[in-house]
Amino acid sequence: MNKIFALSAAFVMSHSICVNAEVIVSTDVYRWVGDTIEQGSSRAYAPGPYQIVSDYSAQPGYKMGIEKEWKLKNDITVYPQLRTPNRLQQAIYNMGLDEMVNAVEPDTTLRTGAEWAGVWTRDVSYSILLSMAYLQPEASMISLRKKVDKLGRIIQDTGSGGAWPVSTDREIWAVAAYEVYKVTGSKEWLEYIYPIIKRSLETDRNKVIDKSTGLVKGETSFIDWREQSHPRWMQTADIFNTETLSTSAVHAEAWKVLSEIAGLLGHKDVEKEALDQSEKIVSAINRYLWMDDKGYYAMYRYGRDNMIVNPRAETLGESLSIMWDVADKDKALKITENNPTTPFGVAIFYPQISDIPAYHNNALWPWVGAWWTLANAKAGNEEGVLEGIGSIYRPAALFCTNKENFNLDNGDIATELNSSNMLWCLSGNLALIHKVLFGIDFHKDGLAFHPFVPKALGADRSLTGFKYRDAILDINISGYGNKIKSFKVNGKEQSPFIPADKAQGKIIVDIVMADEFSHIAKVNRVSNAKAPLTPITWLEGRTLVWNPIEYIAKYKIIKDGKVIAETNSTTFDASIPGEYQVIGVDSSGIEGFASEPRSTRDSEWFEVPGEGTQLSSLELSYIPESGVKGYSGDGFAEIDHKTDKFVMPVDIAEDGTYYLQFRYSNGNGPVNTENKCAVRTLTIDGNNAGTLVFPQRGTNNWNEWGWTNSVEIPLTAGGHQIGLEFTDDDENMNMYTNHALLDGVRLVKKP
């Protein structure tokens, strides 16, 4: 009763203090007023810089509870100290430092979250880029070293279909590792990371960069629960075949990083080659994913033989494109003005998938909101920056911790999984102060300053004890805007840049803002929206048929990747040979996913030579006594580490370009985790023709057969040798099990 009374008293006090306080952020669902966050009848308030109290109640019965109060538990005096007139901002910052200390494990690695033990490549890398590189440089280096395998490659964490190369965002490690160098200036670290980055990128160039578009294949970065961001019909091989915005942006920046490191180490040939590769990916993103009618990039291209864009906005990808100059200045500003922003903040992607629960879908993640805020600051969007900060401070205050994610329908924590003390979320919280309001920006040769202070947050602030190389900085800033009026170092006016070789001893930085912005920009405020369901299609002879969808306005018919008709019917004449799909469109013009492709083209089937009907690979941990079922013909072939080459003959009736797929089985692991995706180089008559992946299809489920990704190949009439080779680049993350069963090959002629 005493604690409840104390909390109630605190809220009475907070209300009396904030009656006349300035409204900093106000949306349709919450307000940030002075030192208080208000959402409906709930309040969160900072009585002082080391305490936050809240009376918010989460969804009844939800499996993961919430805190009602945060109080400082750890010594944070060795980290940069913030002084600001807004107590809530200071308390949320201090909570970030407090939880950061919790995240440093006894072995000096960075724990991913209260519910997420260990080091995860993407989580720790994004956290390092946001703020851990300079706040925890030693733990950052130790953590990154943990994510290198014995072959000297960056580890792709376990995930869909057996991880790499279905998931391909491991190259974010390279960007994070270089950030640590920019902070520390360690030549030893630079020489350590260079061969790791080079080898990993060269492997990915051979295996996951699409040869025709130049985009990067694989899952959208960090959105690694496949049903959370892809249509249900997509197999993991289909996900490998997607070409994604965020992952492509990561690879473009990683190649740029390799170029800079090569230059620093004197490898001039690699410096130029790597920069050329980066620019090719940037060009591909702008050519294939930019949507001029929407003013932002598409989330990814998807399909089988014919690719189409998923026109959803994807906030991390849009943010990285701005931060890493994939988007030029005009595009960058357009993105901040057009990417949909709900009352709770920007979604992971928009619109939502209506029949999937909240996690990546229908959710806001604060660390992604931090990247979005940084991107808005770079683009010069004041309203976007202010609402971005508000979208992170609202849940931090109401839940008294840096939670993992939030349901966009109501701002609550009731999602599929929701950890407290989440590393990348607390890292984003801290980055708002250091990298937005104080504008700290690390370069290979020094420290730059680009402060962005919304007018509503204009005040005298200080950041003391900020460590950079051999210096300790005390930084004072006043005013608002994104233009600097005065920049002084130890009392002397200079440009807003401190060279690395001058960063020594005590440095006092005084910044006065010009109280103006370079331009006025807007925010695309929208209500949360869910897209129509995905039609389920089938063929009845040469007629395409699908189930009716409620509340639909029309259906778009796609043939070979292009819209050819619109209809209100649930059938379509598909007598003209092609690959057909259907998209539902609601009355607001929002489109759902395209249905599974259905082809009315003739195909040719070639069975593998029947090598057996019993599993025999030494890589197996489980062999079903009943043998394998579901294959066609007399048997199947096995590929594993002992199978350097597999070759089968085919006889082609006529010249043409063909789409090739293998029918296969892989029961070495579940669909959603582990790392046993089989990978092979496809050869035609001994020549490299592309990459085929044979993802996991279920633990011990050898009777479940599916199709690999589709590879486009030219073939002349007559006999050919279709081969699968196991090269060094085909080694997966498991390194012991790289094994699948082969049933046959399907060839469909391209029109």
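Keep in mind that what you see is a predicted model, and the values were worked out from it rather than measured.

Calculation notes
Residues numbered from 1 in each chain as written. Predicted model: local features only at pLDDT ≥ 70, side-chain atom pairs only at ≥ 80, totals over all residues. Heavy atoms only, no water. Pairing = 2+ DSSP bridges. Helix = DSSP H or I, 4+ residues; strand = E, 2+ residues; numbered from the N terminus. Contact = heavy atoms within 4.5 Å. Axes fitted to C-alpha atoms, helices over the stretch in contact; angles between N-to-C directions. Salt bridge = Lys/Arg side-chain N within 4 Å of Asp/Glu carboxyl O. Buried < 20%, exposed > 50% of the residue type's maximum accessible area, 1.4 Å probe, protein only. Expected span 1.5 Å × (residues − 1). Polar contact = N/O pair within 3.5 Å; in protein donor to acceptor, adjacent residues only side chain to side chain. Left-handed = near helix turned anticlockwise from the far one by under 90°. Nonpolar A, V, L, I, M, F, W, Y, C, P; charged D, E, K, R; others polar. Phe/Tyr/Trp six-rings, centres within 6.5 Å; stacked < 30°, edge-to-face > 60°. Core = buried A, V, L, I, M, F, W, Y, C linked by side-chain atoms within 4.5 Å.

A.B. asks: Honestly, the sheet that holds strand 7 (residues 81-83) in this entry has me stumped. Any pointers?
C.D. replies: Where strands meet in a sheet, backbone hydrogen bonds hold them as pairs that are either parallel or antiparallel. Strand order across the open sheet formed by 6 strands is 7-22-23-27-24-25, with mixed pairing between neighbours. Of all the strands in the sheet, the pair left with one neighbour each is strand 7 and strand 25 (492-493). The pairing of strand 23 (residues 470-478) with strand 27 (residues 504-513) spans 9 bridges and is classified as parallel. Paired with Ile-477 across the strands is Ile-511, a residue of strand 27. Of the strands in this sheet, strand 7 and strand 22 (461-468) touch helix 2 (residues 87-103), which is tilted by about 175 degrees from strand 7.

A.B. asks: How do you make sense of the pattern of salt bridges when you look at a structure like this?
C.D. replies: Oppositely charged side chains are able to pair whenever their charged atoms sit close together. Tallying each qualifying case throughout the model produces 42 salt bridges. Linking Arg-601 and Asp-560 is a salt bridge whose minimum nitrogen-to-oxygen distance equals 2.8 Å. Taken together, the positions of Arg-601 in the loop between strand 36 (598-599) and strand 37 (603-607) and Asp-560 in the loop between strand 31 (554-559) and strand 32 (562-567) put the pair 41 residues apart, joining distant regions of the chain. Of the two residues examined, Arg-601 and Asp-560, each falls in the buried class. Because the salt bridges share partners, they merge into one network encompassing Asp-238, Arg-304, Glu-596 and Arg-598.

A.B. asks: How should I be thinking about helix 8 (residues 245-265) in this particular structure?
C.D. replies: Turn by turn, an α-helix covers 3.6 residues, leaving residues three or four places apart pointing in a common direction. With 21 residues, helix 8 should reach 30 Å at 1.5 Å per residue; the first-to-last C-alpha distance of 30 Å fits that figure. Of all 21 residues that make up helix 8, 17 are buried, and the element is covered over most of its length. Following helix 8 by one or two positions, Gly-266 adopts a phi angle in the positive range, close to 85 degrees.

A.B. asks: Before we go on, may I ask you to explain the side chain of Ser-665 in this structure?
C.D. replies: Position of Ser-665 among the secondary structure elements: in strand 40 (residues 656-665). Given the relative accessible area of 0%, Ser-665 is considered buried. Side-chain polar atoms of Ser-665 contact the backbone oxygen of Trp-702, separated by 2.9 Å. Beyond its immediate sequence surroundings of up to four residues, Ser-665 is in contact with Asn-701, Trp-702, Asn-703, Glu-704, Trp-705, Ala-740 and Leu-741.

A.B. asks: For this particular structure, what's the right way to read the packing of helix 10 (residues 315-323) against helix 12 (residues 366-379)?
C.D. replies: The description of two helices packed together rests on the angle between their axes and the distance between the axes. Across the interface, helix 10 lies against helix 12 with an axial gap of 9 Å and an inter-helix angle of 35 degrees. Considering the relative orientation of helix 10 and helix 12, their crossing is left-handed. Facing Thr-315, Leu-316, Glu-318, Ser-319, Leu-320, Ile-322 and Met-323 of helix 10, the residues of helix 12 in contact are Trp-367, Val-368, Trp-371, Trp-372, Leu-374, Ala-375 and Lys-378. Partitioning the contact of helix 10 with helix 12 into residue classes produces 10 nonpolar, 2 polar and 2 charged.

A.B. asks: What is the right way to look at the sheet that holds strand 20 (residues 440-443) in this model?
C.D. replies: Taken in spatial order, the 3 strands make up an open sheet running 20-21-26, and their pairing is antiparallel. The sheet is open, and its two borders are formed by strand 20 and strand 26 (497-499), each paired with just one other strand. Each strand axis lies, on average, 20 degrees off the axis of its neighbour in the sheet, ignoring direction.

A.B. asks: Any chance you could explain the packing of aromatic side chains here in plain terms?
C.D. replies: Each aromatic ring pair is specified by the distance between its two centres and by the angle formed by the two planes. In the structure shown here, the tally under the stated rule is 35 aromatic pairs. Geometrically, the ring pair formed by Trp-189 and Tyr-192 is tilted, given 5.4 Å between the ring centres and 35 degrees between the ring planes. Taken together, the residues Trp-189 and Tyr-192, both in helix 6 (residues 187-207) and 3 residues apart, mark about one turn of the helix. By relative accessible area, which is 2% here, Trp-189 ends up buried. One aromatic cluster in this structure is built from Tyr-126, Phe-222, Trp-225, Trp-324, Tyr-359, Trp-365, Trp-367, Trp-371 and Trp-424.

A.B. asks: Could you clarify how one ought to interpret the nonpolar core in this entry?
C.D. replies: It is characteristic of soluble globular proteins that their nonpolar side chains tend to be buried jointly. If you look at the biggest cluster of nonpolar residues, it comprises 187 residues, and the most contacted ones within it are Trp-367, Trp-371 and Leu-473. Apart from the residues within four sequence positions on either side, Trp-371 is in contact with Tyr-126, Leu-129, Leu-130, Leu-316, Ser-319, Leu-320, Met-323 and Trp-324. Val-608, Ile-684, Phe-694 and Ile-713 belong to the second-largest nonpolar core, a separate cluster that totals 26 residues.

A.B. asks: Honestly, helix 2 in this entry has me stumped. Any pointers?
C.D. replies: The terminal C-alpha atoms of helix 2, which comprises 17 residues, lie 24 Å apart, in line with the 24 Å expected from a rise of 1.5 Å per residue. Counted residue by residue, helix 2 has 14 buried out of 17 residues, so it is predominantly covered. For helix 2, the N-terminal cap is Asn-86; the gap from its side-chain oxygen to the backbone nitrogen of Leu-88 is 3.2 Å.

A.B. asks: Sorry, what's going on with the pairing of strand 46 (residues 740-749) here?
C.D. replies: The side chains of a regular strand alternate between both faces of the sheet. Judged by how many residues are buried, strand 46 sits mostly within the fold: 8 of 10 residues are covered. Both strand 37 and strand 46 contribute to a ladder of 5 bridges, which runs antiparallel. Each bridged residue has a counterpart across the sheet, and for Glu-604 the counterpart in strand 46 is Leu-747. Direction of pairing for strand 38 (residues 637-639) relative to strand 46: antiparallel, over a ladder of 3 bridges. When the sheet's bridge partners are listed, Glu-638 is paired in strand 46 with Leu-741. As defined by bridge partners, strand 40 adjoins strand 46 across 8 bridges and the pair is classed as antiparallel. Considered in strand 46, the bridge of Tyr-664 is made with Leu-742.

A.B. asks: Quick question: what am I supposed to make of the environment of Leu-747 here?
C.D. replies: As for its placement among the helices and strands, Leu-747 is situated in strand 46. Counting along the chain gives 627 residues from Leu-747 to Trp-120, while the straight-line C-alpha distance between them is 39 Å. Filtering out sequence-adjacent residues up to four positions away, Leu-747 remains in contact with Asp-602, Ser-603, Glu-604, Phe-606, Ile-652, Tyr-658, Tyr-659, Leu-660, Ile-713 and Leu-715.

A.B. asks: Hey, could you run me through the pairing of strand 32 in this one?
C.D. replies: Relative to strand 32, strand 31 runs antiparallel, the two being bridged by 5 bridges. What sits directly across from Ile-557, in strand 32, is Ala-565. Between the antiparallel neighbours strand 31 and strand 32 lie 2 residues, among them Asp-560 with a positive phi of about 55 degrees.

A.B. asks: I would appreciate a short explanation of the environment of Trp-707 in the present structure.
C.D. replies: With respect to the element layout, Trp-707 can be found in strand 43 (residues 706-707). Along the sequence, Trp-707 and Gly-744 sit 37 residues apart, while their C-alpha atoms lie 9.8 Å from each other. Leave out the neighbours within four places in its chain, and Trp-707 touches Ala-237, Trp-605, Gln-661, Phe-662, Arg-663, Tyr-664, Arg-697 and Arg-746.

By themselves, these observations are geometric and do not establish any function.
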